[in-house]
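# Chains, contacts and geometry: an overview
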Amino acid sequence: MRNGLNAQPEEVSPRGADTVSLYCATLAAPGTSWEELRGNLGLSPESFDRAAGELLALGLLEHSSITGDRRLYAAGPANALLRISRTLQSTLAEGQQQLGRLTSVLAALGPGPRQGAGGEGPVELLVNLESVQRTITELSAQARQEVLTSQPGGPRPQEQLQESRSRTEEMLRRGIAMRTLYQRSAQFSPVTVDFVRFVTGLGAQVHTVDDAFMRLLVFDRETALISLRDDTDGALLVRDPHVVYFAVQAYERAWSESHPFPARYERQQVVEGSDAVKQSIMRLLVEGLEVGVIARRLGISQRTCQRHISELLHRLGARNRLQAGYLIGRLGLLEGEPAPAAGIPAD
C-alpha cells in the first residue's frame, strides 16, 4: 500500500481473512470467550492472537469490564473509525496507515445485518465505563439542538459531577437546550445543588420526580444511551428511531409530572420534601414492595427508607408492611388526607 492521501486499501490477505473471520464471529456472538472463539474458528494460537490484537488496536473489539475470562465484544465500525480519526490527528502519517487497514477490513465485511443506512447499527452494547464515557463525550460534541438527561438514584457522586461539568458547560454555551430529571432526594445534596445552580445559570432546566426514572441520555431526539438492567458501568447505545421516540415520550410524561429543582432551601421546603417522600413510601407500600426496592425507587438509602417505614407503622398501629399498606388504602391516605395519630386499631 502506498503512503499519502491517495493510498488505496489493500486486498485482504490470508492474514487479513483471519481478522475478518474473527470480527464476524464476535459480531454474531457477542460476549464469547477468547478461548471459545479460537476453537470455533480453528485458528492457531499465534494467528488468533495476531488477529485479535489487530482488532483491539483498531477499536473494533473490546473487553468486558465485568468478567475475568477475556470475553470479547464487537464495537460499531463507524464509532471505531471516528475514535481513531480523532486520536491520530496529531500523527497524520501513522493515522493514514491505521485507517487504511481498518478500511480494508470494513470493505471486506460489506453491509452486515446490524448496519443501517448511515453505516451505524440501530443498537450497540457498550460493555464498560470507559466506552460509555467516551461515547457521551463524542455525542455531546456532535449535539446540535437538544439533550435530555435523567439521573436516578438520588444525589450524584461529586466525581461524576466534576467529570460532566466542562462537557455540560460547553454544550450550554453553544446554545444546546438541556433538560435534566433528578429524584427528589437529590435536593438535599450540597454538591448536587451547587451543580444545578451552575447549569441553570447557563440556561439548563432541572426538575425532580418522586419515583425513579431510568438513567437516560437523548441527543437531538436521534440517539439515546440507556442504562443496562444488571450492569451499572455499561449502557445501550440506540439509534433506532422507533425506540428513541418511545424513550422521548416516556421522558416527556415524567417531565410533565416533575417539579423545578429548588435553588435554595427554607425550613418549609425541607418539611414539604420529607412529607413528599413519606407519601411516596406509602404509595409503594400499598403496591406491596420490599424495603430495598422502595429505597431504590426513591433514590434514598435503605436505612433512611426503613426509618420512614417504622414511623409509619407506629403512626398507623400496624404490625408489618403488608398491614400498613392495607390501612393506608383503607383510610384514603393517598388521597391527600393527613397521616393518622398512633393507636388506630388493626383489623
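Residues numbered from 1 in each chain as written. Predicted model: local features only at pLDDT ≥ 70, side-chain atom pairs only at ≥ 80, totals over all residues. Heavy atoms only, no water.

### Considerations on the overall build of the protein
Looking only at helices and strands, the protein features 13 helices and 11 strands. In the protein, which comprises 347 residues, the share counted as buried stands at 44%. Expressed as a percentage of contacts within the protein between residues at least 6 apart in sequence, the contacts between residues at least 24 apart total 70%. By element, 52% of the accessible surface of the protein is carried by carbon and sulfur atoms, the whole surface being about 18,400 Å². (Helix = DSSP H or I, 4+ residues; strand = E, 2+ residues; numbered from the N terminus. Buried < 20%, exposed > 50% of the residue type's maximum accessible area, 1.4 Å probe, protein only. Contact = heavy atoms within 4.5 Å. Areas by Shrake-Rupley, 256 points an atom, 1.4 Å probe, with all protein chains shown as cover.)

### Overview of the sheet that holds strand 5 (residues 146-151)
Here eight strands make up an open sheet; going across it, the order is 4-10-9-8-5-6-7-11 and the pairing mixed. Looking at which strands have only one partner, the edges of the open sheet turn out to be strand 4 (123-126) and strand 11 (259-260). Two strands pair when backbone bridges link them, and strand 7 (residues 205-209) and strand 11 are joined in this way by two bridges, in the antiparallel orientation. When the sheet's bridge partners are listed, His-207 is paired in strand 11 with Pro-260. (Pairing = 2+ DSSP bridges.)

### Re the packing of aromatic side chains
As enumerated under the stated definition, the model contains two aromatic pairs in all. Between Tyr-182 and Phe-261, the ring centres sit 5.9 Å apart and the planes meet at 70°, which makes this aromatic pair edge-to-face. A residue pair is termed long-range when its members are at least 10 positions apart, and Tyr-182 in strand 6 (residues 177-183) and Phe-261 in the loop between strand 11 and helix 10 (267-286) qualify at 79 residues. Considered together, Tyr-182 and Phe-261 belong to a single accessibility category, that of buried residues. Judged by centre distance (6.3 Å) and plane angle (15°), the rings of Tyr-251 and Trp-255 are stacked. Taken as a pair, Tyr-251 and Trp-255 lie in helix 9 (residues 241-256) at a separation of four residues, close to a single helical turn. Residue classification places Trp-255 among the buried residues on the basis of a relative accessible area of 11%. Here the basic side chain of Arg-179 rests over the ring of Trp-255, its NZ or CZ set 5.1 Å away from the ring centre. (Phe/Tyr/Trp six-rings, centres within 6.5 Å; stacked < 30°, edge-to-face > 60°. Lys NZ or Arg CZ within 6 Å of the ring centre and 35° of its normal.)

### Points about the packing of helix 12 (residues 302-316) against helix 13 (residues 321-330)
Between helix 12 and helix 13, whose axes approach to 10 Å, the crossing angle comes to 60°. Once helix 12 is placed against helix 13, the crossing between them reads as left-handed. Counting all contacts with helix 12, which are made through Ile-309, Leu-313 and Leu-316, the residues of helix 13 involved are Arg-321, Ala-324, Leu-327 and Ile-328. For the contact of helix 12 with helix 13, the residue count by class is six nonpolar, no polar and one charged. (Axes fitted to C-alpha atoms, helices over the stretch in contact; angles between N-to-C directions. Left-handed = near helix turned anticlockwise from the far one by under 90°. Nonpolar A, V, L, I, M, F, W, Y, C, P; charged D, E, K, R; others polar.)

### As for the sheet that holds strand 1 (residues 32-33)
With antiparallel pairing, three strands are arranged side by side in an open sheet as 1-3-2. For this open sheet the edge positions go to strand 1 and strand 2 (61-63), each flanked by a neighbour on one side alone. Where strand 1 meets strand 3 (residues 71-74), two bridges bridge the pair, whose relative direction is antiparallel. Bridging across to strand 3, Thr-32 finds its partner in Leu-72. The strands that helix 3 (residues 45-58) touches are strand 2 and strand 3; relative to strand 2, the one it contacts most, it runs at about 90°.

### Some details on the nonpolar core
With 25 residues, the main nonpolar core has Val-147, Tyr-182, Leu-225 and Phe-261 as its most contacted residues. Sorting elements by how many residues they give to this core places helix 8 (residues 190-201) first, with four residues. (Core = buried A, V, L, I, M, F, W, Y, C linked by side-chain atoms within 4.5 Å.)

### Details of the pairing of strand 7
Summarising burial for strand 7: four of the five residues are buried, a large majority. Two strands pair when backbone bridges link them, and strand 6 and strand 7 are joined in this way by five bridges, in the parallel orientation. Across the sheet, residue Thr-180 finds its bridge partner in strand 7, namely Val-206. For the crossover that starts at strand 6, traverses helix 8 and ends in the parallel strand 7, the hand is right-handed. (Right-handed = clockwise from strand over helix to strand, strands pointing away.)

### Overview of the side chain of Ser-33
Along the chain, Ser-33 turns up in strand 1. In this structure Ser-33 comes out as buried when scored by relative accessible area, which is 11%. Reaching out from Ser-33, the side chain makes a polar contact with the backbone nitrogen of Glu-36 at a distance of 3.2 Å. (Polar contact = N/O pair within 3.5 Å; in protein donor to acceptor, adjacent residues only side chain to side chain.)

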